[in-house]
Amino acid sequence: MIIAARNLSKFFDVKGVKNAKIRAVEDVNIEIKEGEIVGLVGESGSGKSTLGRLLIRLIEPTSGEILYNIPDKELDEFDIALKNKDDNAIKKIVDKYSITKLHGNELKKFRRNVGIVFQDPYSSLNPRLKIEDIIAEPIIETGYLKGNEAKERVLELLDEVQLPREFSYRYPHELSGGQRQRVALARGIATNPKLVILDEPTSALDVSIQAEILELLKELREKYNISMLLITHNISVVSYMADRVFVMYAGKIMEKGSKNDIIKNPEHPYTQALISAVPQIKRIKARIILKGDPPNLINPPKGCRFHPRCPVALPTCGWTADEVKPTLDYLIDTKYFTEFTNANVEIKNELELIANNVDINKLKEIINIEKENYKPLLSIKDIVQENGRVALKLYQYETPELIELENGREVECLLFSPKNKAS
Amino acid sequence: MSKSNAKPDRFRELKLSLQVFFSNKSAVAGLIIFLFYFFDALILQFFPQILPFKHPYQLTPNYANPIPQPPSFKHPFGTTYPGVDLLNAIIKSIRLDFWLSLEIVIPGAIIGLVVGIIATYFGGWIDEVLMRVTDIVFSIPYLVLAIAIGYVLGRTLQSMMIALILVWWPLYARYARSVTLETKELTFIEAARAAGTSNLKIMFKHILPNSLPPVFVQISLDLGTIMLTISALAFIGFLPAANLPELGYLTSLGYNYIQTAPWAMIIPGLFIVLFALAVNLMGDGFRDVIDPRRRSEL
Ligand SMILES: Nc1ncnc2c1ncn2[C@@H]1O[C@H](COP(=O)(O)OP(=O)(O)O)[C@@H](O)[C@H]1O
Ligand code: SF4
Ligand SMILES: [Mg+2]
């Protein structure tokens, strides 16, 4: 693997609010092979850019490991060591491959091996520098080449991205958006890196120019066997470019697999919704429309982060009392208000609610009828009479983990856990 | 296509800048007026002998006829009390106002930039402390500070200058900080970090050059306000010596004749306002020049 991450997390501080954290990336495992293009898809705000920046140490992880250029065998050993909490074995591999502790010259050397291209070619090029100096920056700063050799390399790179050599003396504002993105690309590959992060590299460009840039990326991959992490929210870009695809939602990887598997046969309910939203010539499946918005990452949903929007959520997918209460309130105060007087519901703890002034049988009956319409009600396990009040006990939720299916496909969803599969 | 040579491109940059500036007609008008003030100040400061003034650094009173006279062939702008020819006096007065404005605005901007950049560069508590100090100084009214400093250091031009620099730098510190903070968020800074560029180099190679032009624009916009302030101080009698040619002081000379001889106040007052207006228009033109969108329109 050119790069692999294990239990990688990044929590951002919230300005002005103590102890609140934006959990932008949490407990993520990924791996990218030599020369492969991996598409990273997901809605905006799902943590794609943060993950990309983490991988090349543009931001520091809160926890987790990033292993660079690690042979598959040793990555397997590392996974086993993590599972067995074998600290010695973990340390041995971390010392050899981890980039999270690099500094000084070691870090510079790593920077030579990685590159990044940003979405907006207007703000990603310093308007006060000539194209030559923009492209030369990583060459010189990482000590890759100096002086005339660096200059020569810049001209070579302009050829590589199919821009005239004269452009080296121009300023960014003299170039069109597509030309600027080519310059950004030349900078991204300037030191002949093994891995390039492409953060929505075509989203800011005209459609006609998008295709040219994608074509160029493909060519560069063929020629230099560069690994690429292609971050995008555009499924058609992924389906054109990627070998494999990672699907991200609310800071977590939901599904990983080969491009064909993911696009033709998505397994995860979120991926299914994502793919079904893409207009296709031949519509195979009905469009799944997700209700609601992506969750707030300061206090993300428990269990599976997708459960509040998941059309097939199970009783154990992560429901908690604070999600059940609004539904019960609505039923008691509005929909069936004629059936109750002075009834109310309070939260006892994460997994238990108390209903006052209600008839237990009536409540049971209503919940049974409405279960189909209101997913949170599914999570009610028992309804019992306790000290003259009615206690509603919820199922203990589970947190799904990435489960390996066939063909290197991995899915993070309880539907695929062995226990639920059996039933 | 240009030749592969750095020179023509610099030249083209300059040409483009001029094109942008000159396409803004009111900015050109502002520049022309500004240049009149500038040459006036330049000649009086360095080559006063080429002008027919016996006392270039003093007002020449005429106690034989002290009452303000209306504009006439002999006195195109009229005279003010005590018999001072206004045209002469205005030509002499611009010198002090012009240089004093520059002497206040430039040190103020430099202090402000240094403080602002240090604050953004280090961030954290250093930023916090510097900005708190800035806010405190900023909240002191300039008049109060000028009078206090005049009281301590004596009522001289120097103490007035010091007071105004002290009052003005926080404006630039705040402004420089907001500009550098904004620049810091642009992705080319992140690209530089990804390229392995050190923080200090990022500060000087990427952030400073991109923050200077807006600060420069702010300076040119401020020159007018500063001249207004200086004149206001002079008007209320802050100048160390009588007879010193200064526009605010000159305006105050006509104060007692506002009803019978309004030109004695209006004409020198107009020259203060005209300068403020001119540098504002000119500053707008500079703002266009540094705006990449305006550049690419041409
Ligand atoms: N530097 C930062 N400071 C604080 N929050 C951040 C920062 N960068 C990203 N975030 C937050 O992290 C979450 C994920 O953002 P991002 O990685 O940019 O998502 P995506 O690229 O998928 O749109 C968002 O909620 C965003 O507001
Ligand atoms: S675990 Fe699977 S079924 Fe449950 S909410 Fe998440 S995606 Fe839906
Ligand atoms: Mg993003």
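Keep in mind that this is a model prediction, so the values were computed, not measured.

A. Looking closely at empty space enclosed by the protein. Summed over all chains, the structure comprises six cavities of 30 Å³ or more. There is about 120 Å³ of room inside the largest cavity. If you go around the largest cavity, you meet 13 residues; those closest to its centre are G115, I116 and R187 of chain A together with A194 and A195 of chain B. For the lining of the largest cavity, the element with the highest residue contribution is strand β5 (residues 114-117) of chain A, accounting for three residues.

B. The arrangement of the site of ligand 2 in detail. The environment of ligand 2 is formed by H268, P269, C304, F306, H307, C310, V312, A313, C317, C413, L414 and L415 of chain A. The cavity where ligand 2 resides is the second largest cavity.

C. Broad picture of the pattern of salt bridges. Residue and element names in this part refer to chain A. Counting across every chain of the model gives 35 salt bridges over all chains. With a shortest N-O distance of 2.6 Å, K223 and E160 are connected by a salt bridge. Of this pair, K223 sits in helix α8 (residues 207-224) while E160 sits in helix α6 (residues 147-160); the two residues are 63 residues apart in sequence, bridging distant segments of the chain. Taking the relative accessible area as the measure of exposure, E160 reaches 15% and is therefore buried. Close ionic contact of E255 with R409 constitutes a salt bridge, the shortest N to O distance being 2.5 Å. One end of the pair, E255, is in strand β9 (residues 252-258); the other, R409, is in the loop between β14 (402-404) and β15 (410-412), with 154 residues separating them in the sequence. Of the two residues examined, E255 and R409, each falls in the buried class.

D. Molecular detail of the nonpolar core. Counting 66 residues, the largest nonpolar core has F98, I104 and F275 of chain B as the members making the most contacts within it. In this structure I104 of chain B touches M161, L164, I165, I226 and I230 of chain B, once residues within four positions along its chain are discounted. Core analysis: the next-biggest nonpolar cluster, separate from the first, contains 36 residues, I139, L157, L185 and L198 of chain A among them.

E. Molecular detail of the interface of chain A and chain B. Taken together, the contacts link 26 residues of chain A with 30 residues of chain B. Carbon and sulfur atoms make up 53% of the area that chain A and chain B hide from each other, which totals about 2,600 Å². Taken as a group, R128, Y169 and H173 of chain A account for 22% of the area that chain A buries against chain B, more than any other trio of residues on that side. Between the two partners, chain A and chain B, sit three salt bridges. Of the charged contacts in the structure, one is a salt bridge between E141 of chain A and K201 of chain B, with a shortest N-O distance of 2.5 Å. Put simply, chain A and chain B have 11 residue pairs in polar contact (both at pLDDT 80 or more) between them. Only α4 (104-113) and α5 (131-141) of chain A provide two or more residues apiece to the side of chain A that touches chain B. Of all the elements, α5 of chain A adds the most residues to the side of chain A that touches chain B, at three residues. Looking at the side of chain A that touches chain B, its residues break down into nine nonpolar, five polar and 12 charged.

F. Spatial organisation of the site of ligand 1. Residue and element names in this part refer to chain A. F12, I22, A24, E43, S44, G45, S46, G47, K48, S49, T50 and L297 make up every residue found near ligand 1. Within the backbone of G45, one N or O atom sits 2.6 Å away from an oxygen atom of ligand 1. Measuring from an oxygen atom of ligand 1, one finds a side-chain N or O atom of S49 at 2.7 Å. Expressed as a share of its isolated accessible area of 560 Å², the protein-covered part of ligand 1 is 61%. Counting residues per element, the ones that place at least two in the shell around ligand 1 are β2 (17-32) and α1 (48-55). A per-element tally of the shell around ligand 1 places α1 first, with three residues. Classifying every residue of the shell around ligand 1 gives four nonpolar, six polar and two charged.

G. Looking closely at the pairing of strand β8 (residues 244-249) of chain A. Residue and element names in this part refer to chain A. With six of six residues buried, β8 is to be regarded as a mostly interior element. In this structure, strand β3 (residues 37-41) lies alongside β8, joined through four bridges in parallel fashion. Opposite L40, over in β8, you have F246 as the bridge partner. In terms of strand pairing, β8 meets β9 through six bridges, oriented antiparallel. Paired with M248 across the bridge in β9 is I253. Here β8 folds back onto β9, and the loop between the two strands holds two residues, one of which, A250, carries a positive phi near 50°.

H. The arrangement of the sheet that holds strand β10 (residues 344-349) of chain A in detail. Residues and elements named next belong to chain A. In spatial order, the strands read β10-β11-β13-β12; together these four strands make up an open sheet with antiparallel pairing. Where the open sheet ends on each side, the last strands, each with one partner, are β10 and β12 (380-386). Shown here is a sheet whose adjacent strand axes are inclined to one another by a mean of 25°, direction ignored. One ladder, built from five bridges, connects β10 with strand β11 (residues 352-356); its direction is antiparallel. Counterpart to I347 in the pairing with β11 is L353. Packed onto the sheet, helix α12 (residues 321-335) meets β10, β11, β12 and β13 (389-394) and runs at close to 170° relative to β10.

I. How the structure looks around unusual backbone geometry. The omega torsion across Y81 of chain B and P82 of chain B is -5°, close enough to zero to call that bond cis. Take P82 of chain B: it is sitting in the loop between β1 (79-80) and β2 (84-85). Not every positive phi belongs to a glycine, and R57 of chain A is a case in point at roughly 55°. With respect to the helices and strands, the residue R57 of chain A is situated in the loop between α1 and β4 (63-68). Take R57 of chain A: its relative accessible area is 8%, and that puts it in the buried class. Residue Q162 of chain A is not a glycine yet carries a positive backbone phi of 60°. The topology assignment puts Q162 of chain A in the loop between α6 and α7 (177-188).

J. Just the confidence of the model for chain B, in detail. Residue and element names in this part refer to chain B. Here chain B averages 86 in pLDDT, and 95% of its residues register 70 or above. Mean pLDDT per element in chain B: helix α11 (residues 292-297) is the minimum at 69, and helix α2 (residues 25-46) is the maximum at 95. Among the scores for the predicted complex, ipTM is 0.87 and pTM is 0.82.

K. Expanded view of the packing of helix α6 (residues 157-184) of chain B against helix α8 (residues 199-235) of chain B. All names here are of chain B. Axis separation between α6 and α8 bottoms out at 9 Å; the angle between their running directions is 150°. Taken together, the axes of α6 and α8 lie roughly antiparallel to each other. Classified by chirality, the crossing of α8 by α6 is right-handed. For the contact of α6 with α8, the residue count by class is 15 nonpolar, eight polar and two charged.

Reading the values: rules and limits
Residues numbered from 1 in each chain as written. Chains lettered and ligands numbered in written order. Predicted model: local features only at pLDDT ≥ 70, side-chain atom pairs only at ≥ 80, totals over all residues. Heavy atoms only, no water. 1 Å grid on protein atoms, 1.4 Å probe; cavity = no way out; pocket = protein on both sides within 12 Å on 5 of 7 lines; lining within 4 Å. Points joined across faces, edges and corners; volume = space filled by probe spheres on them. Helix = DSSP H or I, 4+ residues; strand = E, 2+ residues; numbered from the N terminus. Near = heavy atom within 4 Å. Sits in = over half its atoms within 2 Å of the grid points. Salt bridge = Lys/Arg side-chain N within 4 Å of Asp/Glu carboxyl O. Buried < 20%, exposed > 50% of the residue type's maximum accessible area, 1.4 Å probe, protein only. Core = buried A, V, L, I, M, F, W, Y, C linked by side-chain atoms within 4.5 Å. Contact = heavy atoms within 4.5 Å. Buried area = accessible area lost by both parts, 1.4 Å probe. Polar contact = N/O pair within 3.5 Å; in protein donor to acceptor, adjacent residues only side chain to side chain. Nonpolar A, V, L, I, M, F, W, Y, C, P; charged D, E, K, R; others polar. Areas by Shrake-Rupley, 256 points an atom, 1.4 Å probe, with all protein chains shown as cover. Pairing = 2+ DSSP bridges. Axes fitted to C-alpha atoms, helices over the stretch in contact; angles between N-to-C directions. pLDDT = per-residue confidence, 0-100. Parallel < 35°, antiparallel > 145°, perpendicular 65-115°, else oblique. Left-handed = near helix turned anticlockwise from the far one by under 90°.

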